[in-house]
Amino acid sequence: MTRPHRRVRIVGIAAALLLVVAGTATAAPAVAASSPSSGGQGAAGDVRFATFNASLNRGAEGALVSDLSAPGNAQADAVAEIIQRANPDVLLINEFDYVAGGEALRLFQDNYLSVPHGDAAPVEYPYRYTAPVNTGVPSGFDLNNNGAVGGGDDAWGFGLFPGQYGMAVYSKLPIDEDAVRTFRNFRWVDMPGALLPDDPATDAPADWYSPEELAQFPLSSKSHWDVPIRVSKNKTVHFLVSHPTPPAFDGAEDRNGTRNHDEIRFWSDYVTGGDASAYITDDAGRAGGLKGGSLFVIAGDQNADPNDGDSTGGAIRQLLENPRINTSTVPTSAGAAEATELQGGVNLDHVGAPQQDTADFSEPPGNLRVDYVLPSRQIRVLGSGVFWPASDEPLSALTGTYPFPSSDHRLVWIDADVPGAKR
């Protein structure tokens, strides 16, 4: 989300996936667990996974490519330096406009990530993945029921042009491109017990959207991707990435809140597997969720806090209380705790621990924990953190205060001890 309380929703349509592979198959060493900017060598099974809503979205189609075509864009520089200092092995970037052919991904690597920023060394990601998303794709329907068809509110996911607010995966480790699964076209109505929004002005249930609309309406406001990462010659971790719509910018029907809830529920069902995931079909027509015993990491801006904000029905607790997910470690930062003290207001009334916040939002809703990196229960977390330095630390210039030099979200990382991995 962006100040003020940004809207990020998504659509479901034809699924063309795009894998961009560059460079060699040599894997860079993991970063030591002690510090997000240490740059040290990790153990053989230690892989740093991260998520970052970097706000690299632009207001017009083609603008991101233009901004990244040469070094020197101030925001992209700040985002790149944060990534360099955190130095993740596998990274999801939310709000990175989708550009067919992977040109934006390449330009960000070549002109920003591969360029040192101060004493922050370049970071190379030879493997990159992106694919189309639903944001900005016209539905042809009056989805907000305001009597007119057109604009971002009537796209399958909120956006001013197709691909706005997209996603990108950068990896030092090989991506198993043949095994990638996308779920961009999965229909919301095909989820058993879906929380389809209800028009409070009628007596009929779950009728905000017409049968004709629901026949095409995708669950994903952007997309859900299962991107298998070969963390070693004998181990694969499924990087499960998404960016559910914010539970806001709607009315009593709660159409965005219910969608956010079910977008989050999708991954809970997917990793549970068996009967819980039997309804799931990917964009290639393959059915079901993860096989039992599979290793995974769920990552992304989930737009849901476990205690505060305006989520629907404990949305994020569907993941935090899933027994297949390791939630024993909660990433924190000194900067988040300090921000609550300095900003006050609604933040002082929040139930959640302020040091766990990952986004600096205006009121309402105030600062929240909305960005997550959640490994499967077999994976031990060696370290974790949120890149949010306190104001007296030099690197705080990268996160700053509104208007932010980088993003209103913070990079979140974990160091995962992947069982049995041998480099």
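The rules behind each value
Residues numbered from 1 in each chain as written. Predicted model: local features only at pLDDT ≥ 70, side-chain atom pairs only at ≥ 80, totals over all residues. Heavy atoms only, no water. Helix = DSSP H or I, 4+ residues; strand = E, 2+ residues; numbered from the N terminus. Buried < 20%, exposed > 50% of the residue type's maximum accessible area, 1.4 Å probe, protein only. Salt bridge = Lys/Arg side-chain N within 4 Å of Asp/Glu carboxyl O. pLDDT = per-residue confidence, 0-100. Contact = heavy atoms within 4.5 Å.

**What to know about unusual backbone geometry**
The residue after proline 364, namely proline 365, is reached through a cis peptide bond having omega 10°. Counting through the fold element by element, proline 365 comes out in the loop between helix 7 (334-343) and strand 10 (371-375). The amide bond that connects tyrosine 402 to the next residue, proline 403, takes the cis arrangement and shows omega of 0°. Within the element layout of this structure, proline 403 appears in the loop between strand 11 (380-386) and strand 12 (412-417). Not every positive phi belongs to a glycine, and serine 55 is a case in point at roughly 55°. The residue serine 55 is located in strand 2 (residues 46-56) in this model. A relative accessible area of 11% places serine 55 in the buried class. Here asparagine 87, not a glycine, exhibits a phi torsion of approximately 50°, which is positive. By secondary structure assignment, the location of asparagine 87 is in the loop between helix 2 (74-86) and strand 3 (90-96).

**Examining the pattern of salt bridges**
As enumerated under the stated definition, the model contains 16 salt bridges in all. Ionic pairing is found between aspartate 282 and arginine 286, a salt bridge with its closest N-O pair at 3.0 Å. Given the relative accessible area of 5%, aspartate 282 is considered buried. Across the salt bridge formed by arginine 380 and aspartate 417, the nearest N and O atoms sit 2.9 Å from each other. Of this pair, arginine 380 sits in strand 11 while aspartate 417 sits in strand 12, and the two are 37 residues apart along the sequence. Shared partners join several salt bridges into a network, and the residues in it are Glu81, Arg85 and Asp119.

**Topic: the confidence of the model for the protein chain**
In the predicted model, the protein chain carries a mean pLDDT of 91, and 89% of its residues have values of at least 70. Highest mean pLDDT in the protein chain belongs to strand 3 (99); lowest belongs to strand 1 (residues 18-21) (36). Confidence drops under pLDDT 50 across residues 1-41; counting only partners more than four residues distant or on other chains, this segment forms 192 contacts.

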